[in-house]
Amino acid sequence: MSNINNINTNNSNSNAILEIVNLEKRFGENNVLRDISMSVFEGEVVSIIGSSGAGKSTLLRCINLLEEPSGGDILFHGKSIITDRQSISRYRAKVGMVFQQFNLFNNMTVLQNCVVGQVKVLGRSRAEAEETAIMYLDRVGMYAFSDALPRQISGGQKQRAAIARALCMNPEVILFDEPTSSLDPEMVGEVLGVMRYLAKGGMTMLVVTHEMSFAREISSRVVFMDSGIIEEADTPDVIFTSPKKERTRAFISSIL
Amino acid sequence: MPQSFFGGVSFILSKYWSLFLRGTVITVVVSLSGTIFGFLIGLIVALLRTIPVHKSDKPLKKLSVRFLSVILSAYIEVFRGTPMIVQAMVIYYGGLSKALSGLHDIYKGIVSAIIIISINTGAYMAEIIRGGIISVDSGQMEGALSIGMTYRQVMFNVIFPQAIRNVMPSIGNEFVVNIKDSSVLNVISVAELYFMSKSAAGAYYRYFEAFFITAVIYFILTFTVTRILRFIERKMEGKDSYTIHGSQSYSKASIHITSESKTITGGGLK
Ligand SMILES: Nc1ncnc2c1ncn2[C@@H]1O[C@H](COP(=O)(O)OP(=O)(O)O)[C@@H](O)[C@H]1O
Ligand SMILES: [Mg+2]
């Protein structure tokens, strides 16, 4: 089921959307990311797993420039986004992000949440933006709640609205940082359902998750991070059944 | 001149009602304008004081932000740390009086009062609004940045509206405080309610009766304003119900839902 044909073919980086090259991140003395290198290719779903504090969130936040990398480079279609700060807005619009805490705008309805970015960043007309918003809200099953404020809907609904908000920007890749970790168990399924649907539709995704069976099911590749480094990256089958590294094996057996 | 208390009150009222009325109008005008301008000053100061500085910013930007922040906190500390009555004297005799010397006395008083109240209120508002900005969770800022909105766009479209709503009670409170505290401006001869009351009282040496009337007027003002503000706050909370749209078809058909039934699930995936 998984697309495994582009592992270890990183020598031809022409179709890589994102290339992370020797990325470093320090918080004071704390070396949170050390020499991280990886690529994300079009249509891939890459899952990042690892214990808490491994640096998974920091990696995603660096990719979206919510954190300033301390070293290394991030290439988007071969161009460094770190040196070119002028186009940071356009870059971020193309790299969507979905957060553990949803981060919807509390002063806006679900529809307005999806519209404001399109109008302010992409310069779309309000009518056009609303049409796009309604289309994506319908896809994630949230059209019915267009007029609701975030405080009036459940966690699962908030997360689906947040996904619609990201989709409205027509991103080339979406970063998910533990999108189901703050949800009640009965709501996890509806959000994973939306993500599964996106993956099937060919959306390029980079997903930090603790939902191992989900990661195994939808990923083209799984990246295991441990204390700031990429310990192992391989197909889901290899990572979950016959990992090559001892640490990966220990982590997998601790969670299964 | 009647000797009884109520007799005195009604005598002063009938003789000086227009003084009280004019004083009341000026008190309302200067405290309302002072609160509005003070709010604007506070808004700007709070905005400037919450500009983030990144390590990657140019040294010039870092330096000017730091310089500005020193100036602005000095302003806030000084104006919150000294009485408005003293600020009035210093500002008025320190140049404001001369600067406004072309104006008729009444207008000179009103303009001076508005300027002094605005500067004073601005210092308090700046801290109130900054608190409001900080109280909006930073996740919303990140959510907005992540779709490409600029810091300024996020501030104006997302953070500010919520910050202002959060601090509405404190802003209203500043207005009420200003209605009362504008009375100190009688020291620079602003013809507000307290100043007018003094004239009314002094004519027949009926201080008790005159200032009893004054107290009643101040109370009615603050009481009314408090009620109005509470009403506005309730309006600003927003509706707690929303309309459920017919899913899938974008049909006009819709169900009205109150927040009690908010967990109804929407349509599924297509
Ligand atoms: N803003 C920050 N300041 C200081 N340390 C941080 C900050 N953000 C994260 N860290 C540290 O970086 C490490 C990795 O954090 P994080 O990326 O959140 O891990 P994960 O998402 O894998 O659980 C942790 O030790 C955390 O304490
Ligand atoms: Mg995390």
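Residues numbered from 1 in each chain as written. Chains lettered and ligands numbered in written order. Predicted model: local features only at pLDDT ≥ 70, side-chain atom pairs only at ≥ 80, totals over all residues. Heavy atoms only, no water.

As for the pattern of salt bridges
Here is step 1: One pass over the structure, following the stated rule, counts twelve salt bridges over all chains.
Here is step 2: Here the residues in one salt-bridge network are R61(A), E67(A) and E142(B), joined through shared partners. (Salt bridge = Lys/Arg side-chain N within 4 Å of Asp/Glu carboxyl O.)

Comments concerning the pairing of strand β7 (residues 173-177) of chain A
All names here are of chain A.
Here is step 1: Here β7 lies mainly inside the structure; five of its five residues are buried.
Here is step 2: Relative to β7, strand β6 (residues 95-98) is paired through four bridges, and the arrangement is parallel. The residue of β7 that forms the bridge with V98 is F176.
Here is step 3: As judged from the five bridges shared by β7 and strand β8 (residues 204-208), these two strands associate in the parallel manner. (Buried < 20%, exposed > 50% of the residue type's maximum accessible area, 1.4 Å probe, protein only. Helix = DSSP H or I, 4+ residues; strand = E, 2+ residues; numbered from the N terminus. Pairing = 2+ DSSP bridges.)

Some remarks on the site of ligand 1
Residues and elements named next belong to chain A.
Here is step 1: Residues in close proximity to ligand 1 include F27, N30, V32, S51, S52, G53, A54, G55, K56, S57 and T58, which together make up its full environment.
Here is step 2: A distance of 3.0 Å is found between an oxygen atom of ligand 1 and a backbone nitrogen or oxygen belonging to G55.
Here is step 3: When isolated, ligand 1 has an accessible area of 550 Å², and the protein chains bury 60% of it.
Here is step 4: Only β2 (30-41) and α1 (56-63) provide two or more residues apiece to the shell around ligand 1.
Here is step 5: With three residues, α1 is the single largest residue contributor to the shell around ligand 1.
Here is step 6: Of the residues belonging to the shell around ligand 1, the class tally is three nonpolar, seven polar and one charged. (Near = heavy atom within 4 Å. Polar contact = N/O pair within 3.5 Å; in protein donor to acceptor, adjacent residues only side chain to side chain. Areas by Shrake-Rupley, 256 points an atom, 1.4 Å probe, with all protein chains shown as cover. Nonpolar A, V, L, I, M, F, W, Y, C, P; charged D, E, K, R; others polar.)

Side note on the layout of surface pockets
If a probe as big as a water molecule is rolled over the atoms, it shows which places are left empty.
Here is step 1: The calculated volume of the largest pocket comes to roughly 1,600 Å³.
Here is step 2: Surrounding the largest pocket, 43 residues form its lining, P52(B), H54(B), K61(B), L145(B) and Y151(B) being those nearest its centre.
Here is step 3: Those elements that provide at least two residues to the lining of the largest pocket are β1 (16-27) and α2 (88-94) of chain A together with α1 (5-49), α4 (105-135), α5 (138-146) and α6 (151-181) of chain B.
Here is step 4: The dominant element in the lining of the largest pocket, judged by the number of residues it contributes, is α6(B), at five residues. (1 Å grid on protein atoms, 1.4 Å probe; cavity = no way out; pocket = protein on both sides within 12 Å on 5 of 7 lines; lining within 4 Å. Points joined across faces, edges and corners; volume = space filled by probe spheres on them.)

Observations regarding the interface of chain A and chain B
Interfaces are often sized by the accessible area lost when the parts come together.
Here is step 1: In this assembly, 44 residues from chain A lie in contact with 40 residues from chain B.
Here is step 2: Both sides together, the interface formed by chain A and chain B hides about 3,400 Å², and carbon and sulfur atoms give 54% of it.
Here is step 3: Looking only at chain A, the three residues that lose the most surface to chain B are D138(A), Y143(A) and Q152(A), adding up to 18% of its buried area.
Here is step 4: Here chain A is connected to chain B by one salt bridge.
Here is step 5: With a closest N to O distance of 2.6 Å, R61(A) and E142(B) form a salt bridge.
Here is step 6: Our count for the contact surface shared by chain A and chain B stands at seven residue pairs in polar contact (both at pLDDT 80 or more).
Here is step 7: For the side of chain A that touches chain B, the elements supplying multiple residues, two or more each, are α2, β6, α3 (110-120), α4 (126-139), α5 (155-168) and α6 (185-200) of chain A.
Here is step 8: Broken down by element, the residue count for the side of chain A that touches chain B peaks at four residues, all from α4(A). (Contact = heavy atoms within 4.5 Å. Buried area = accessible area lost by both parts, 1.4 Å probe.)

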